[in-house]
Amino acid sequence: MVDDGPGRRRWWTLPVVSAAQLLVVLDGTIVNIALPSAQRDLGMSDASRQWAVTAYLLAFGGLLLIGGRVGGVFGHRRTFAVGLAGFAASSALGGVAVNPETLFAARALQGVFAAALAPAGLSLLTLTFTEARERGRAFGVFAAVGAAGSAVGLIAGGLLTEYASWRWCLFINVPIALLAVLGTMAVPRDRPVGGGGRLDVPGALLSTAGFAAVVYGFNEAQPLGWDSPKVLGLLAGGAVLLAAFVAVELRAPRPLLPMRVLLHRARAGAFISITLMFVAMFGFYLFMSYYTQTVLRYSPVEAGLTLIINALAALLGATLIAGRLHGRVAPVALIVPGLLSAAAGMLVLTRLTAHSTDVLPVYLAPAMALTGLGLGCVIPPTAALATAGMRHHDIGAASAAYNAAQQLGAALGTALLNTVAASATAAYLASRRATPAEGSVHGYATALTVAFGILAAAACVTAALTVKRAAREPAEEAAGPSVSAKS
């Protein structure tokens, strides 16, 4: 648990953890914008450039569960500070890279340290804020930063790449991370779990290899196709490794991920809903970037600025709706409407054609607002449910599993929806006389129709898993963990 400390000091946890959350989410999109410039500058081949993204994803996704365990053993605050310092150092290394190999290594190191700081940050919030109203405010702000981070990354990436250098897309992390490191001195110290120093080595190896194989398989599906032997082999191998991981964890005396974290009915609903939300939203961000730049001919900066609507809507949804209603209504009353709002935003865009007029006010603005509100309403209650009612020594594992769900959803969404769009575009152009723009817009609309279906299905599954719990238990049960944290 967290040591007693002055009430005001406690609130330093929120901006410090939110800054770290911004770093992790921002990095997922800002480097994508900078990649073409980095490729030209460092002489990367088309075949190797993907490793600037893949190296980070593999390290981050593969090591999250270990990062959650390390936080529990050595203390979440200490792990969080080390993760921030390492993230800053590896970002600086990437910014000064003179060859592709150095950049790829730096990106992998960023992923390693992100895997430590992300679950530690969520754990610190869970341990620090346990009163329903305070927790609602804290998780609302935390979620707003996370929900808006991807859009902010696109905006910042465009501005920095166009007016400074691609290197600043990495350098920008350094001052943010170092300020957050200084801020950790004001964060109340948590107590490490006693007697938990031994690592579940078989579980660590299997989880790392399994998650890495699945994430890499999703990543390779985009250029190679889902029927590629390499992709099928990676996904099948990853599934086998993760199944073996579950079998090992069921028998391990000190499991890396206790199965009670996943088998809880409402918590499973939270994991499913956030995974599917990220599947849809990362495809959405990808297509908005492509559509605005290739069809509407926006500059990278203009394309990024268009997403401000989404970022502001996410901020409002997380703070003014989810943050204020936390503990007053059942989580399902926020999660399901949030998923349906995002689904409605996707549905608006399926009506786009290459000849649509007044695109920004009629299509883009409503879609950005609805998806942003949806994302802002889903993240706070799912993050709270992921760690609610957990024993102190399980909070790190639950936080890591929640972050892993987001990473898997993002990787799957980018690969799956991009493949759907490319296939639909090719089929459309082959079946009729159409311009490339008409084919592209048709492909985007098809993929967003799939995203709409995913979100609608997520709403149904989440309602089925959480409604009975909500009727049986008071809403406040999801407001805090079983551990105590005093002001």
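Before reading on, note that the structure itself is shown above.
Calculation criteria
- Residues numbered from 1 in each chain as written.
- Predicted model: local features only at pLDDT ≥ 70, side-chain atom pairs only at ≥ 80, totals over all residues.
- Heavy atoms only, no water.
- Core = buried A, V, L, I, M, F, W, Y, C linked by side-chain atoms within 4.5 Å.
- Buried < 20%, exposed > 50% of the residue type's maximum accessible area, 1.4 Å probe, protein only.
- Helix = DSSP H or I, 4+ residues; strand = E, 2+ residues; numbered from the N terminus.
- Contact = heavy atoms within 4.5 Å.
- Axes fitted to C-alpha atoms, helices over the stretch in contact; angles between N-to-C directions.
- Parallel < 35°, antiparallel > 145°, perpendicular 65-115°, else oblique.
- Left-handed = near helix turned anticlockwise from the far one by under 90°.
- Nonpolar A, V, L, I, M, F, W, Y, C, P; charged D, E, K, R; others polar.
- Patch = residues over 30% accessible without salt bridge, like charges linked within 9 Å, V, L, I, M, F, W, Y side chains within 5 Å.
- Areas by Shrake-Rupley, 256 points an atom, 1.4 Å probe, with all protein chains shown as cover.
- Salt bridge = Lys/Arg side-chain N within 4 Å of Asp/Glu carboxyl O.
- 1 Å grid on protein atoms, 1.4 Å probe; cavity = no way out; pocket = protein on both sides within 12 Å on 5 of 7 lines; lining within 4 Å.
- Points joined across faces, edges and corners; volume = space filled by probe spheres on them.
- Expected span 1.5 Å × (residues − 1).

Engineer: Would you explain the nonpolar core in this entry?
Structural biologist: For soluble globular proteins, the rule of thumb is that nonpolar side chains tend to be buried together. Ranked by size, the top nonpolar core spans 135 residues in total, and within it F80, F284 and L349 carry the most contacts. Per-element accounting of this core gives the leading share, 16 residues, to helix α12 (residues 265–295). With near-sequence residues (within four places) excluded, F80 lies in contact with V16, V17, A20, L117, A120, G121, L124 and T184.

Engineer: What should I look at first to understand the packing of helix α5 (residues 100–128) against helix α6 (residues 132–163) in this one?
Structural biologist: What describes two packed helices is the angle between their axes and the distance between those same axes. With their axes 10 Å apart at the nearest point, α5 and α6 run at an angle of 160 degrees to one another. Judged by the angle between their axes, α5 and α6 are roughly antiparallel. In the crossing of α5 with α6, the sense of the turn from one axis to the other is right-handed. Contact residues: α5 offers L122, L125 and T126, while α6 offers R135, A138, F139 and F142. Counted by class, the contact of α5 with α6 contains five nonpolar, one polar and one charged residues.

Engineer: I'm lost on a nonpolar patch on the surface in this one. Help?
Structural biologist: A contiguous nonpolar patch, built from L305, I308, L312 and L315 and spanning about 330 Å² of accessible area, is present on the exposed surface. Broken down by element, the residue count for the nonpolar patch peaks at three residues, all from helix α14 (residues 308–325). Checked against the element boundaries, L305 lands in helix α13 (residues 300–306).

Engineer: Please explain the layout of surface pockets as it appears in this structure.
Structural biologist: Over the atoms a probe the size of a water molecule is rolled, and this reveals where empty space is left. Reported here for the largest pocket is a volume of approximately 1,400 Å³. Lining the largest pocket are 49 residues; nearest its centre among them are N32, V53, L286, Y290 and T414. At the level of secondary structure, the elements contributing two or more residues to the lining of the largest pocket comprise α2 (13–42), α3 (51–74), α6, α9 (201–224), α12 and α17 (395–431). At 13 residues, α2 tops the list of elements feeding residues into the lining of the largest pocket. Each residue belonging to the lining of the largest pocket can be placed in one class, and the counts come to 24 nonpolar, 20 polar and five charged. Taken together, 15 residues line the second largest pocket, and the ones lying closest to its centre are F211, L257, L262, A401 and L408. Elements supplying a minimum of two residues to the lining of the second largest pocket: α10 (229–251), α12 and α17. A breakdown of the residues in the lining of the second largest pocket according to their chemical character gives 14 nonpolar, one polar and no charged.

Engineer: What is the right way to read helix α15 (residues 332–349) from this model?
Structural biologist: Counting along an α-helix, one turn takes 3.6 residues, and residues three or four places apart therefore face a common direction. An ideal rise of 1.5 Å per residue puts 26 Å on 18 residues; α15 measures up with 26 Å between its terminal C-alpha atoms. Among the residues of α15, V332, L334, I335, V336, G338, L339, S341, A342, A343, G345, M346 and L349 are the ones counted as buried.

Engineer: Teacher, can you tell me more about empty space enclosed by the protein here?
Structural biologist: All told, the structure shown has seven cavities of 30 Å³ or more when counted by the stated rule. Its boundaries defined by the atoms lining it, the second largest cavity holds a volume of some 80 Å³. Looking at the second largest cavity, the residues that line it are Q21, V25, G146, A147, S150, F278, M281, F282, Y285, L375, I379 and Q406. Listed by contribution, the elements that provide at least two residues to the lining of the second largest cavity are α2, α6, α12 and α16 (359–387).

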